[in-house]
Amino acid sequence: MNPKLTRSQQKTICSQLGRVKLQLLYKASIHGFTGAAFHQRCDTHSPTVSVGYNASGFVFGGYTKQPFSQSGQYVNDDQAFLFTFSGEKLLKYPVTVPANAVRMVGNSGPYFGEALVLANGSQPVVYNNPGNYYNFNAAEMHGNDLNLTECEVYHVEETKELEKPWRTVIWESETRTELMENIKSYKPPVSSVSQIRVLLIGPVGAGKSSFFNSISSVFRGHVTNPAMSGSFTSSLTTQFRSYSLKAGQEGKPLPIILCDTMGLEESTGSGLNIDDISNILKGHLPDRYQFNPSVPLDSEAPSYRKSPVLKDKIHCVTYIIDACKVSIMPTKLEEKLEAIRRKVNLMGIPQLVLLTKVDEACPLVKEDVRNVYKSDYIKEMMQEVSTRLGVPLSCVVPVKNYSEELELDPNCDILLLSAVKQMLRFADNYFDDISDQFSKMELKE
């Protein structure tokens with residue numbers, strides 16, 4: 001059940017209500033434009049945000065801290081308000097008669113006084129009567145288009161802060177320095193490999209290129225954007241890129257190469273072709289290979305690397321997942337990720353998940369990134385992505401990429417560097433497994 005309310009609109013509404021998140025309870029296009037369906041899904045839940053949508057493009061509704069019921073009575077709520085969006089801006093209409101803020105009517109959807117009713121009389125229509133307990137301009141609110149294309153109700157849930165962090169992180173400059181030095185001094189346990197190769201896979205806009213930019217920024221000492229990144233509906237990355245990181249402007253290459261791929265898309269024939277994944281994992285794809293979503297690289301193509309060696313192969317796969325979109329991940333996209341995970345499992349390559357945009361997903365983390373392991377909500381998202389992708393929770397790591405900042409934040413750096421540290425550890429596991437296989441082969445011989 002995907003929310004129609006955009007992430008930006010949800011954040012705008014939440015900014016009026018404090019440290020909260022919205023959880024979708026009722027969606028009329030799925031559950032029905034009836035009072036019975038609305039009450040079955042929403043009664044006893046509070047506070048709530050109710051939202052109507054019409055064909056004219058208006059998004060409008062109301063907030064109440066009182067739980068809905070079918071008593072037929074008016075309920076007092078001095079914090080209730082109606083709202084509409086004007087672009088990204090929220091226009092708010094506070095209740096003028098709190099004693100009549102909400103009415104509990106059985107055969108209708110959300111019923112705000114006698115001013116605004118969504119799914120009135122169990123029909124996909126709006127009842128509208130400005131001035132009755134709320135003052136608003138009807139044309140401004142919904143353009144006088146009283147036919148609903150959708151109606152949703154969200155439960156307003158507090159973002160809980162856990163008593164103590166469930167993972168231990170020492171948020172000190174020494175931690176940052178130590179992590180950087182550990183990464184710089186790392187050497188793969190196999191002499192033929194000088195740099196581990198980590199493949200980044202994820203949906204469009206999840207932050208693959210931004211993650212590389214962020215790690216590069218940490219080691220450069222300032223925010224930099226060598227890889228193209230941004231918020232687009234289709235992938236900005238159209239080539240297979242192998243990015244070698246440097247310790248400073250003129251520093252030595254770090255012992256890790258981040259391999260960026262085209263973003264995954266839910267529709268068939270769009271985004272990264274799953275059949276190209278096997279070629280990448282085995283080391284057949286050259287740097288700057290131009291992806292074709294419809295056709296994977298042919299083994300007879302001139303650019304195909306026919307005899308890759310261990311240093312050309314992928315030693316760790318890292319899935320990049322947007323924390324804001326875990327709960328609304330499309331089924332087809334989840335199926336693509338599952339198909340990729342199966343391929344990676346068969347090859348015995350360790351898999352890690354980076355949960356990005358944790359600050360956007362949780363107000364508590366936005367206040368202070370050090371709250372990331374104190375946020376009950378982020379823990380829930382990490383558990384959900386663990387279940388959806390079929391990886392242990394210990395393989396899920398939260399990060400905040402640099403996107404709008406001009407200066408580095410040591411606490412963000414600690415999360416980013418901790419993620420790289422896990423990649424090195426996972427790659428070690430891969431090499432250990434390879435060594436075990438070689439040892440067994442030698443014993444048999």
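An unreviewed UniProt entry annotates the chain as Interferon-induced protein 44-like of Sparus aurata. You can read under Sequence similarities (unreviewed entry) in the UniProt record for the chain the words "Belongs to the IFI44 family."

(A) Focus on the side chain of Glu152. With respect to the secondary-structure elements, Glu152 resides in strand E11 (residues 148–158). A polar contact of 2.8 Å, which involves the side chain of Glu152, links it to the backbone nitrogen of Lys4. Excluding its chain neighbours within four sequence positions, the residues that come into contact with Glu152 are Asn2, Pro3, Lys4, Leu5, Leu24, Tyr26, Lys27, Val49, Ser50, Val51 and Tyr53.

(B) Layout of helix H11 (residues 376–389). Taking 1.5 Å per residue, 14 residues should reach 20 Å; H11 reaches 20 Å between its end C-alpha atoms and fits that length. Within H11, burial applies to Tyr377, Ile378, Met381, Met382, Val385, Ser386 and Leu389. The backbone nitrogen of Tyr377 lies 3.3 Å from a side-chain oxygen of the residue at the head of H11, namely Ser375. A positive backbone phi angle near 70 degrees is found at Gly390, which sits one or two residues after H11.

(C) How the structure looks around the pattern of salt bridges. Tallying each qualifying case throughout the model produces 19 salt bridges. Across the pair Lys65 and Asp78 runs a salt bridge whose closest N-O atoms are separated by 3.3 Å. On the criterion of sequence distance, the pair formed by Lys65 in the loop between strand E3 (59–64) and strand E4 (74–75) and Asp78 in the loop between E4 and strand E5 (81–86) is long-range, its members being 13 residues apart. The closest approach of N and O atoms between Glu338 and Arg342, which form a salt bridge, is 3.3 Å. Separated by 4 residues within a single helix, Glu338 and Arg342 lie in helix H8 (residues 331–346), roughly one turn from each other. One network of salt bridges, in which partners are shared, links Arg19, Glu161 and Glu367.

(D) Inspection of the sheet that holds strand E15 (residues 289–290) at higher detail. Sheet architecture is open: 7 strands sit in the order E15-E13-E14-E12-E16-E17-E18, paired in mixed fashion. This sheet does not close on itself; its edge strands, each paired only once, are E15 and strand E18 (396–398). As judged from the 6 bridges shared by strand E16 (residues 316–322) and strand E17 (residues 351–356), these two strands associate in the parallel manner. Looking at E17, one finds that Asp322 is bridged to Thr356. Relative to the sheet, helix H7 (residues 274–282) contacts strand E12 (196–201), strand E13 (239–246), E15 and E16, its axis offset from that of E12 by approximately 165 degrees. H8 contacts E12, E16 and E17 of the sheet and is inclined by roughly 165 degrees relative to E16.

(E) Highlighting the packing of H7 against H8. Direction vectors running N to C along H7 and H8 enclose 30 degrees, while the axes themselves pass 10 Å from each other. For the element pair H7 / H8, the angle class is roughly parallel. For the pair H7 and H8, the crossing hand works out as right-handed. Contacts between H7 and H8 involve Ile274, Asp275, Ile277, Ser278 and Leu281 from the former and Lys336, Ala339, Ile340, Lys343 and Val344 from the latter.

The rules behind each value
- Residues numbered from 1 in each chain as written.
- Predicted model: local features only at pLDDT ≥ 70, side-chain atom pairs only at ≥ 80, totals over all residues.
- Heavy atoms only, no water.
- UniProt positions renumbered as here; feature names shortened; annotations may be inferred.
- Helix = DSSP H or I, 4+ residues; strand = E, 2+ residues; numbered from the N terminus.
- Polar contact = N/O pair within 3.5 Å; in protein donor to acceptor, adjacent residues only side chain to side chain.
- Contact = heavy atoms within 4.5 Å.
- Expected span 1.5 Å × (residues − 1).
- Buried < 20%, exposed > 50% of the residue type's maximum accessible area, 1.4 Å probe, protein only.
- Salt bridge = Lys/Arg side-chain N within 4 Å of Asp/Glu carboxyl O.
- Pairing = 2+ DSSP bridges.
- Axes fitted to C-alpha atoms, helices over the stretch in contact; angles between N-to-C directions.
- Parallel < 35°, antiparallel > 145°, perpendicular 65-115°, else oblique.
- Left-handed = near helix turned anticlockwise from the far one by under 90°.

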